[in-house]
Amino acid sequence: PSVLESMHMALEKWLLEIAPLATTEELEKKCIYLFKNSKSASITSVIVSIILAHPFKLFNVAAMIFRTKEFFLYDTTRYVKDQSHKGMLESLRDNYPQRDYLTQIFEEERIKSCDDEHRKSTLERVALYYQVFKDKEEVDEQASNRQKIIWGIFDDYYKKLPNPSKESDSDKTWRL
């Protein structure tokens, strides 16, 4: 429903606004609270958005998300849809100009949010980034520990894959 969509957009916007000023601990605490206490997968998508925008502040939260393989698949779908979403919204705006001013305000805000830099990223890309790069404030030991955590999560997934001769196309994609 539109009201629920608006609430999620407001929550995401608020988290994106406070994230640059919040400490890692403060931001993690808020996201973990939402993740653990929500009964809606859509809240998880809000949290993923904040992870994409501030990956190094939210590694521990990302590691929680990474433990559910389906989130990678859902996020890839989100990414593909995001790439065409702005054009669709602009087309609707341009082809149906008779709207009240509040609708116009909300539509323009949605169109503008499509340009947010973090919307061009994915959980898969963040997982790769965690393995290859370190934040300027990190020491080597922290980066190495982060790598080990990520590798442990993926190793668990690989252990659960069937024998290569019995893999489905989905299993083969996941193995890649």
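Everything here concerns the structure above.
Residues numbered from 1 in each chain as written. Predicted model: local features only at pLDDT ≥ 70, side-chain atom pairs only at ≥ 80, totals over all residues. Heavy atoms only, no water.

**Q** Could you give me a rundown of the overall build of the protein chain, with the residues and numbers involved?
**A** In terms of helices and strands, the protein chain carries 9 helices and 0 strands. Taken from the N to the C terminus, the helices and strands of the protein chain come in the order α-α-α-α-α-α-α-α-α. In terms of overall dimensions, the protein chain has C-alpha extents of about 55 × 45 × 30 Å along its principal axes. Within the protein chain, buried positions represent 32% of all 176 residues. Put simply, 66% of the contacts in the protein chain that link residues at least 6 apart link residues at least 24 apart. In the protein chain, which carries 27 positive and 29 negative side-chain charges, the distance between the mean positions of the two groups comes to 4 Å. (Helix = DSSP H or I, 4+ residues; strand = E, 2+ residues; numbered from the N terminus. Buried < 20%, exposed > 50% of the residue type's maximum accessible area, 1.4 Å probe, protein only. Contact = heavy atoms within 4.5 Å. Lys, Arg positive; Asp, Glu negative; His and termini not counted. Charge placed at Lys NZ, Arg CZ, Asp CG, Glu CD.)

**Q** Run through the environment of Thr44, naming residues and quoting values.
**A** Relative to the helices and strands, Thr44 resides in helix H3 (residues 41–53). A residue is classified by how much of its surface remains accessible, and Thr44, at 9% relative accessible area, is buried. Taking the C-alpha atoms as reference points, Thr44 and Ile65, separated by 21 residues in sequence, lie 8.3 Å from one another. Those residues within four positions of Thr44 in sequence are excluded, and the remaining contacts are Phe35, Ile65 and Phe71.

**Q** How would you summarise helix H8 (residues 140–160) if you had to cite specific residues and measurements?
**A** The first and last C-alpha atoms of H8 sit 31 Å apart over 21 residues, in line with the 30 Å expected at 1.5 Å per residue. Three or more residues of H8 are buried, namely Ala143, Arg146, Ile150, Ile153, Phe154 and Tyr157. Within H8, the buried residues cover an arc of 95° as seen down the axis, which keeps them to one side. In H8, those exposed residues whose orientation departs by more than 90 degrees from the buried face are Asp140, Glu141, Lys148 and Lys159. (Expected span 1.5 Å × (residues − 1). Arc of directions from axis to C-beta.)

**Q** Just give me the short version of the packing of aromatic side chains, but keep the residues and values in it.
**A** Taken as a whole and assessed by the stated rule, the structure comprises 11 aromatic pairs. On the numbers, 4.9 Å between centres and 90° between planes, the contact of Phe59 with Tyr130 is edge-to-face. Taken together, the residues span a long stretch of sequence, with Phe59 in helix H4 (residues 59–66) and Tyr130 in helix H7 (residues 123–132) at a distance of 71 residues. Residues Phe59 and Tyr130 agree in their burial class; the two are buried. Considering the side-chain rings of Phe154 and Tyr157, the 6.4 Å spacing of their centres and the 40° angle between planes classify their relative orientation as tilted. With Phe154 and Tyr157 both in helix H8, this residue pair falls 3 residues apart, about one helical turn. (Phe/Tyr/Trp six-rings, centres within 6.5 Å; stacked < 30°, edge-to-face > 60°.)

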